[in-house]
Amino acid sequence: MAVRELNSAPSLATLYPKALLRRGGGSKLPDLELVRSGVVVDPAHVAAYAEVCGFRFGDELPATYPHLLAFPVQMALMTEPGFPFPLLGMVHVANRITQRRPLRLGETFTVRVRAEDLRPHEKGRQFDVVSEVSVGAETVWTDVSTYLHRGGGSGASGPRAQLASPTPNAIWKIPGDIGRRYAEVSGDRNPIHLHPLSARLFGFPSAIAHGMWTKAHALASFEGRLPPAFTVDVRFKQPVLLPAKAAFTTWATEDGWAFELWNARKPKPHLDGTISAL
């Protein structure tokens, strides 16, 4: 695999217009890893992220925060000339984060990003974008984001079962501007998250919450109970149309917790996940 070192963080202001124009090309994922070294986080930015997502601010980074360090590098990889799919229109269907120890303010990180495992899906093709954060020679954090490109799938999934939402532990009242607020701290300014008008251009009746905000907000509810090393694995289902009222349910498992987020008014699931101690 070829390795390319980046001298600075890729500019999202440049990459989003590039993503809008790209139509994809090629038939396989690039055999390329992008690397950004010497990354130090800004405490004020971490504090802003914590406020938007519901975390307490301290010396340890929220386990979902390093996704923001990897996101511009992911965008750069997925707008490479030979990348097979257009970025806009892809669906983020799952995300798995493994934290091997807490990451802390003041540490210097190296971020590595690659794409792998292109495979069929009933609605198209899916692949993983793997991001790793290391301190020196130690890999401390790994993120696997699974994306779906619709079209040319392997067939229908069969009839859907009738769903019934569980009794919630909490009700989330999600404001209509959470997409813009999360975009401000994350840099993820996909038009589907920003305004009803721009979301309608992509087939949504209103702006939708970022999947990584819903994951972060869910994880924030477990603060004070998380072990130093764990994996938090989620699957994104129906989008959260903003503003929203959502039902959040949690329960204990053998090695951690499980959780679900549902539409509070209809039996439609938004997200399910697990937290497992390492």
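Described below are features of the structure shown in this document. (Residues numbered from 1 in each chain as written. Predicted model: local features only at pLDDT ≥ 70, side-chain atom pairs only at ≥ 80, totals over all residues. Heavy atoms only, no water.)

## Section: the nonpolar core
So the rule is basically this: Buried Ala, Val, Leu, Ile, Met, Phe, Trp, Tyr and Cys residues that are joined via side-chain atoms within 4.5 Å together make up what is termed a nonpolar core. The classification of residues rests on relative accessible area computed with a 1.4 Å probe and restricted to protein chains. Under 20% of the type maximum is buried, over 50% is exposed, and intermediate values are partly exposed. Strands here are runs of E lasting at least two residues and helices are runs of H or I lasting at least four, both read from the DSSP assignment and numbered beginning at the N terminus. Residue contacts are counted whenever heavy atoms from the two residues lie within 4.5 Å of one another.
The biggest cluster of nonpolar side chains holds 73 residues, and the ones touching the most others in it are Y49, F127, I174, Y182, W213 and F259. With nine residues, helix 3 (residues 66-78) is the largest single contributor of residues to this core. Leaving out residues up to four positions away in the same chain, F127 has contacts with L29, M78, F83, F85, M90, E116, D117, L118, R119, S145, T146 and Y147.

## Digging into the sheet that holds strand 5 (residues 124-135)
Cut-off, in case you're wondering: We treat two strands as partners when DSSP finds at least two bridges between them. Lines fitted to C-alpha atoms define the axes here, with helix axes fitted over just the stretch in contact, and angles between the N-to-C directions of these axes take values from 0 to 180 degrees.
Strand order in this open sheet of 11 strands is 1-2-4-5-6-3-8-11-10-9-7, and the pairing throughout is mixed. For this open sheet the edge positions go to strand 1 (2-6) and strand 7 (170-174), each flanked by a neighbour on one side alone. With direction set aside, neighbouring strand axes in the sheet form an average angle of 20°. Taken strand by strand, helix 3 contacts strand 1, strand 2 (32-39), strand 3 (91-99), strand 4 (109-121), strand 5 and strand 6 (138-150), and its axis lies near 60° from that of strand 4.

## Here we look at the environment of D143
In plain terms, the rule: What qualifies as a polar contact is a pair of N or O atoms within 3.5 Å, subject to a donor-acceptor requirement within protein and to the restriction that residues adjacent in sequence count only when both atoms come from side chains.
With respect to the secondary-structure elements, D143 resides in strand 6. The exposure class of D143 is buried, given its relative accessible area of 0%. With 48 residues separating them in the primary sequence, D143 and N95 have C-alpha atoms 7.0 Å apart. Residue contacts for D143: discarding those within four places in its chain leaves H67, Q74, N95, R96, I97, V129, V130 and S131. Here the side chain of D143 touches N95 through a polar contact of 3.1 Å, side chain to side chain.

## Things to note about the pattern of salt bridges
Which entries qualify depends on this criterion: Each salt bridge in this description consists of a side-chain nitrogen of Lys or Arg and a carboxyl oxygen of Asp or Glu lying within 4 Å of one another.
In total, this model carries 12 salt bridges according to the counting rule given. Here R189 and E184 are joined by a salt bridge, their closest N and O atoms 3.4 Å apart. In this structure R189 comes out as partly exposed when scored by relative accessible area, which is 38%. Among the salt bridges present, the one from R235 reaches D272, with a minimum N-O distance of 2.9 Å. Pair noted here: R235 is in strand 8 (residues 230-236) and D272 is in strand 11 (residues 269-277), with a separation of 37 residues, a long-range link. Overall, the relative accessible area of 47% leaves R235 in the partly exposed class. The class for D272 is buried, based on a relative accessible area of 12%. Salt bridges here are not isolated pairs; linked through shared partners, they connect E33, R112, R114, E116 and E132.

## Looking at the side chain of T249
By secondary structure assignment, the location of T249 is in strand 9 (residues 244-253). A relative accessible area of 6% means that T249 is categorised as buried. Within the local environment of T249, its side chain forms a polar contact with the backbone oxygen of T167, the two atoms lying 3.4 Å apart. Once residues within four sequence positions are removed from consideration, T249 is found in contact with P166, T167, P168, N169, A258, F259 and E260.

## A short note on the packing of helix 2 (residues 43-53) against helix 6 (residues 211-220)
A packed helix pair is summarised by two numbers, namely the angle formed by the two axes and the spacing between the axes. The following threshold applies: Oblique is the label for any angle not covered by the other classes, which are roughly parallel (under 35 degrees), roughly antiparallel (over 145) and roughly perpendicular (65 to 115). Residue classes follow a fixed rule: Ala, Val, Leu, Ile, Met, Phe, Trp, Tyr, Cys and Pro count as nonpolar, while Asp, Glu, Lys and Arg count as charged, and any other residue, Gly among them, counts as polar.
Direction vectors running N to C along helix 2 and helix 6 enclose 85°, while the axes themselves pass 9 Å from each other. In this view, helix 2 runs roughly perpendicular relative to helix 6, as classed from their interaxial angle. In contact with Y49, V52 and C53 of helix 2, helix 6 contributes W213, A216, H217 and A220. A breakdown of the residues in the contact of helix 2 with helix 6 according to their chemical character gives six nonpolar, one polar and no charged.

## Considering the environment of P102
Structurally, P102 is set in the loop between strand 3 and strand 4. The spatial distance from the C-alpha of P102 to the C-alpha of D59 is 9.5 Å, given a sequence separation of 43 residues. Dropping the residues within four chain positions of it, P102 is found in contact with E60, E107 and P228.

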